[in-house]
Amino acid sequence: MRSIARVATLTLALGWTALWCQPSFAQPPSDQASKTQFSYIPPKSLKYLPVFNRVQQFKLLEQLSEFLSPLRLPHKFSMVTIECGFVNAQYQPSKWRIELCYEYVEALERVAPKLGQPSEFSFEEVVVGGLVGVLLHELGHAVIDMLTIPVFGREEDAADEISTFLALQFNPEVARTIVRGNAYVYKVWYGFGAPAFFDEHGTGLQRYYNSLCIAHGGERPDLFKELFDKGELPKERAAGCQREYQQVRSAFEKTILPFIDREQMKRVQGKEWLKLTPQQVALLKEQQQAPRETFTFAVCNQSPVTRMSFALMVRLVEDPQRWQALGWYSIPDNGCELIGTFHGDRIFWYAEATRGKDRVVWSAPDTDQTASKQCIHPSNAFQLPASNRCQSGQVVVNFRRWEVDPTLSNLTLNFTK
Amino acid sequence: MSVSVKSAVVLASIYLAAHATAAIAQPPPAGQSSPPAAQSSQIEVAYVQPGNRNFQPIYDRVKNRKVLEELQQFLAPLRLPRKLTVKIDQCGALSRPYRPQEPVTICYELIDQIEKVAAKGDPKMRQTMIAGAFIQVVVYQVAHAMFDILQVPVWGRAGDAADRLAALVMLQFGEDLALRTIRGSTAFFLASKKTWTGSAFADADSPEEQRYYNYLCIAFGGAPISFDFLVSGNEPVLPLPRARRCYWEYQQVRMAFNLRIMPFVDPDLLVKIRSADWLLPGDVR
């Protein structure tokens with residue numbers, strides 16, 4: 001996946017442009033020869049207006065354009081933020097354009113460390129670093145296309161390599177922010193759920209280890225000492241990382257470096273990047289504190305069973321500290337029922353239904369250590385504090401656990417068999 | 001088209017013939033040319049006597065059939081800046097990763113493993129799996145050597161790069177061979193797949209199942225009619241979201257090959273190699 005996140009403001013803040021102007025492409029003022037253009041395209045949906053306003057306040061596209069100024073491209077190239085209708089960021093070869101979706105900004109904010117949540121990653125580095133890292137990834141696709149670069153390996157891995165390699169060319173602070181931001185995105189977000197081996201992308205964890213390996217094999221592995229000292233990169237892989245880094249470096253020198261203005265590159269490398277002003281820090285903190293842990297949950301029965309009754313154990317929005325067991329929800333045959341909006345990153349559920357003359361139950365096996373035994377009332381409606389010490393009339397059943405995809409705000413459990 | 005692939009295909013066909021219950025040498029039909037006698041002077045070959053006596057039968061088979069000498073013939077059009085040694089050896093592991101300035105090594109252990117896995121599977125697929133997997137290993141290892149010797153810039157993971165080049169090459173020998181080698185090699189990947197979790201994903205080699213889809217994608221992208229069975233039915237073998245991009249994946253590897261490897265191929269000798277009929281039924285040397 002490609003992601004968009006809130007953009008951090010950079011110290012080289014440019015003049016503010018009106019929020020409501022029609023999309024028009026701007027040039028970075030410091031390099032008239034650059035063919036890189038950018039634009040913040042107003043969204044159609046009202047709900048993305050705040051995101052649209054926020055990304056402009058951080059001026060990422062302005063700064064990225066300037067960062068790309070040493071690149072001598074054969075034609076004009078543009079970067080836009082835009083409402084896409086899906087969560088992604090992509091390079092469009094037909095338009096020579098990188099598109100950062102507002103949907104992705106929100107998704108990245110949701111998955112970034114929450115306020116008060118213990119994490120070795122900060123909200124800022126995940127959002128800022130993750131955004132810049134993904135933009136550099138899309139830039140990787142862009143240069144592969146525009147410069148007709150020969151790629152023998154998988155292009156998604158090549159784009160990751162370009163992102164990490166370029167990040168390592170910055171000063172230490174920026175290199176750390178981007179590499180660590182990428183690392184979090186790969187491991188926590190892209191690494192969520194079962195791996196899809198058929199996909200053209202590597203799994204989240206593969207991408208995580210790939211990027212750590214290049215960082216480890218580069219000229220400054222000490223920048224990420226805390227990760228390597230923890231053993232995040234297995235020794236067997238680490239042993240070959242210098243070779244892997246040299247492979248990437250050699251490929252860069254042969255296929256991209258000839259298109260870079262060395263003098264301009266030195267000027268760009270000498271600047272400070274990704275420094276937040278106090279106002280931008282405050283804006284980030286505001287987003288970190290925004291409610292992000294709720295999700296709407298629905299259940300659909302598109303299976304042969306009938307008369308399905310559904311129970312769940314969740315944390316209510318109005319009482320997020322306590323787990324409660326709720327039932328029964330009647331799920332229509334060949335239909336869906338909107339259960340409600342809840343809090344948290346996981347739910348537990350249990351269901352019963354009829355198949356012909358038989359009663360069918362969906363409960364967790366006793367061997368499932370992630371499951372939760374809870375008291376319910378077998379026939380009456382109930383809303384009970386989570387407990388496996390049942391009162392008269394109640395029975396214990398084993399609820400199944402379901403981890404909520406942190407990037408999603410609407411979830412549906414489908415019964416199809 | 002890479003000559004290294006042809007050599008590997010012949011290599012496998014000879015190896016396959018060695019396992020057949022009856023193999024009868026037959027002259028090529030009239031009107032078809034035999035492979036040219038010229039061998040690559042830049043490719044040196046060696047069959048290393050295994051210390052493990054269990055591998056002796058494999059050693060005897062491959063040596064008697066001169067599989068590496070055939071490889072030399074097929075690599076003849078390659079103009080390498082230095083010599084390359086290809087050997088079959090006991091490795092102490094299933095594979096010995098290629099390293100610059102070192103020989104390409106095919107391990108007896110892997111040949112043994114291929115045979116064992118194939119023996120457990122569908123008997124009808126046994127020969128195909130042995131041939132396909134063997135070809136894949138040879139071409140894959142030679143691909144790594146080519147990247148090094150020809151100083152090819154490699155973007156993406158090196159193992160995936162060698163896989164994609166190997167798959168490209170496998171498609172250059174006509175439909176029948178493409179189907180057999182791709183089917184055989186991918187069947188071996190699938191039969192060998194393990195469960196991957198957590199830090200296992202740190203491995204520089206890609207999961208077997210991922211390699212399986214990579215090969216299928218290049219195959220479908222390069223020969224969509226021959227491999228249309230991969231995308232048919234309600235649950236296609238190659239999921240459609242990936243299949244839709246396979247044409248582009250194939251073209252990308254093909255372009256990379258034409259740009260960075262073809263300049264080192266003697267085009268006239270290549271035509272002679274390509275015009276020869278290397279894989280006649282029952283052609284055993």
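Residues numbered from 1 in each chain as written. Chains lettered and ligands numbered in written order. Predicted model: local features only at pLDDT ≥ 70, side-chain atom pairs only at ≥ 80, totals over all residues.

### Considering the overall build of chain A
At step 1: Assigned secondary structure in chain A consists of 12 helices and 13 strands.
At step 2: Counting only C-alpha atoms and orienting by the principal axes, one finds that chain A spans roughly 80 × 55 × 40 Å.
At step 3: Counting across all 417 residues of chain A, residues that qualify as buried make up 42%.
At step 4: Considering only contacts in chain A between residues 6 or more positions apart, those separated by 24 or more positions represent 70%. (Helix = DSSP H or I, 4+ residues; strand = E, 2+ residues; numbered from the N terminus. Buried ≥ 20, exposed ≤ 12 C-beta atoms within 10 Å, placed from the backbone. Contact = placed C-beta atoms within 7 Å.)

### Some details on the overall build of chain B
At step 1: A tally of regular secondary structure across chain B gives 11 helices and 3 strands.
At step 2: At a minimum sequence separation of 6, the contacts of chain B that also span at least 24 residues come to 74%.

### A look at the sheet that holds strand 2 (residues 77-82) of chain A
Backbone hydrogen bonds hold the strands of a sheet together, and the pairing may be parallel or antiparallel.
Residues and elements named next belong to chain A.
At step 1: The mixed open sheet is built from 4 strands, whose spatial order is 1-2-4-3. Each of the sheet's edge strands pairs with one partner strand only, and the pair in question is strand 1 (36-40) and strand 3 (89-92). Taken over all neighbouring pairs, the strand axes of this sheet differ in orientation by 15 degrees on average, direction set aside.
At step 2: In this sheet, strand 2 lies alongside strand 1 in parallel orientation, the contact comprising 5 bridges. Across the sheet, the residue bridging to F38 is M79, located in strand 2.
At step 3: Along the sheet, helix 2 (residues 60-67) makes contact with strand 1 and strand 2, crossing strand 1 at roughly 175 degrees.
At step 4: Its contacts with the sheet place helix 3 (residues 102-111) against strand 2, strand 3 and strand 4 (97-101), and it is angled at close to 50 degrees to strand 4. (Pairing = 2+ DSSP bridges. Axes fitted to C-alpha atoms, helices over the stretch in contact; angles between N-to-C directions.)

### Description of the interface of chain B and chain A
At step 1: Chain B puts 28 residues into the contact, and the matching count from chain A is 27 residues.
At step 2: Of all the secondary-structure elements, those providing two or more residues to the side of chain B that touches chain A are helix 6 (158-170), helix 8 (208-222) and helix 10 (246-260) of chain B.
At step 3: No other element matches the 6 residues that helix 10 of chain B contributes to the side of chain B that touches chain A.
At step 4: Each residue belonging to the side of chain B that touches chain A can be placed in one class, and the counts come to 16 nonpolar, 4 polar and 8 charged. (Nonpolar A, V, L, I, M, F, W, Y, C, P; charged D, E, K, R; others polar.)

### Points about the packing of helix 5 (residues 155-167) of chain A against helix 7 (residues 204-217) of chain A
The description of two packed helices rests on the angle between their axes and on the distance between the axes.
Residue and element names in this part refer to chain A.
At step 1: Contact pair helix 5 / helix 7: the axes reach a minimum separation of 10 Å and the direction vectors enclose 40 degrees. For the element pair helix 5 / helix 7, the angle class is oblique. The way helix 5 lies across helix 7 gives a crossing that is right-handed. Residues D157, D160, E161, T164 and F165 of helix 5 lie in contact with helix 7, whose contacting residues are R207, N210, S211, I214 and A215.
At step 2: Considering only residue class, the contact of helix 5 with helix 7 consists of 3 nonpolar, 3 polar and 4 charged. (Parallel < 35°, antiparallel > 145°, perpendicular 65-115°, else oblique. Left-handed = near helix turned anticlockwise from the far one by under 90°.)

### Quick look at the pairing of strand 2 of chain A
All names here are of chain A.
At step 1: Within strand 2, 5 of the 6 residues are buried, which leaves the element mostly enclosed by the surrounding structure.
At step 2: With 5 bridges connecting them, strand 2 and strand 4 associate as parallel partners. Following the sheet pairing, S78 is matched in strand 4 by R97.

### Topic: the sheet that holds strand 3 (residues 104-107) of chain B
Residues and elements named next belong to chain B.
At step 1: The strand order across the open sheet built from 3 strands is 1-2-3, with neighbouring strands paired in parallel fashion. Since the sheet does not close on itself, it has two edges, and those belong to strand 1 (43-47) and strand 3, each with one partner. Each strand of the sheet is rotated relative to its neighbour by a mean of 15 degrees, with strand direction disregarded.
At step 2: Direction of pairing for strand 1 relative to strand 2 (residues 84-89): parallel, over a ladder of 5 bridges. For E44, the partnering residue across the bridge sits in strand 2 and is T85.
At step 3: Running over the sheet, helix 5 (residues 126-149) touches strand 2 and strand 3 and is turned about 165 degrees from strand 3.

### What to know about the confidence of the model for chain A
At step 1: Confidence in the prediction of chain A, expressed as mean pLDDT, is 85, and 90% of residues score 70 or more.
At step 2: Residue range residues 27-33 of chain A is modelled with pLDDT below 50. Its contacts to residues more than four positions away, or to other chains, number 13 contacts. (pLDDT = per-residue confidence, 0-100.)

### Examining the packing of helix 4 (residues 123-146) of chain A against helix 6 (residues 172-190) of chain A
All names here are of chain A.
At step 1: Running from N to C, helix 4 and helix 6 cross one another at 95 degrees; their axes reach a closest spacing of 7 Å. As far as their axial angle goes, helix 6 and helix 4 are roughly perpendicular. For the pair formed by helix 4 and helix 6, the contact residues are E125, V126, V128, G129, G130, V132 and G133 on the first element and T177, I178, R180, G181, N182, Y184 and V185 on the second.
At step 2: Grouping the amino acids of the contact of helix 4 with helix 6 by side-chain chemistry returns 6 nonpolar, 6 polar and 2 charged.

### Regarding unusual backbone geometry
All names here are of chain A.
At step 1: The peptide bond linking G327 to W328 adopts the cis configuration, its omega dihedral lying at -5 degrees.
At step 2: You can see W328 is positioned in strand 7 (residues 319-331).
At step 3: Here W96, not a glycine, exhibits a phi torsion of approximately 50 degrees, which is positive.
At step 4: Following the sequence through the fold, W96 ends up in the loop between strand 3 and strand 4.
At step 5: Among the residues examined, W96 registers 18 C-beta atoms within 10 Å and is labelled partly exposed.
At step 6: Although it is not a glycine, T148 sits at a positive phi angle of roughly 50 degrees.
At step 7: Structurally, T148 can be placed in the loop between helix 4 and helix 5.

### A word on the environment of C101(A)
At step 1: Examined against the element boundaries, C101(A) turns out to sit in strand 4.
At step 2: For the pair C101(A) and N88(A), spaced 13 residues apart in the sequence, the C-alpha separation amounts to 5.9 Å.

### Remarks on the nonpolar core
At step 1: In terms of nonpolar packing, the biggest core is built from 160 residues, with L165(B) and A219(B) touching the most fellow members.
At step 2: With 15 residues, the top contributor of residues to this core is helix 5 of chain B.
At step 3: Judged by nonpolar contacts, the second largest core, of 25 residues, contains F297(A), V305(A), V314(A) and L413(A). (Core = buried A, V, L, I, M, F, W, Y, C linked by C-beta atoms within 7 Å.)

### Quick look at the environment of T296(A)
Residue and element names in this part refer to chain A.
At step 1: Counting through the fold element by element, T296 comes out in strand 5 (residues 294-301).
At step 2: By the C-beta count within 10 Å, which is 14 here, T296 ends up partly exposed.
At step 3: Separated by 196 residues in sequence, T296 and L100 place their C-alpha atoms 26 Å apart.
At step 4: Those residues in contact with T296 that lie beyond four places of it in its chain are T341, S409 and N410.

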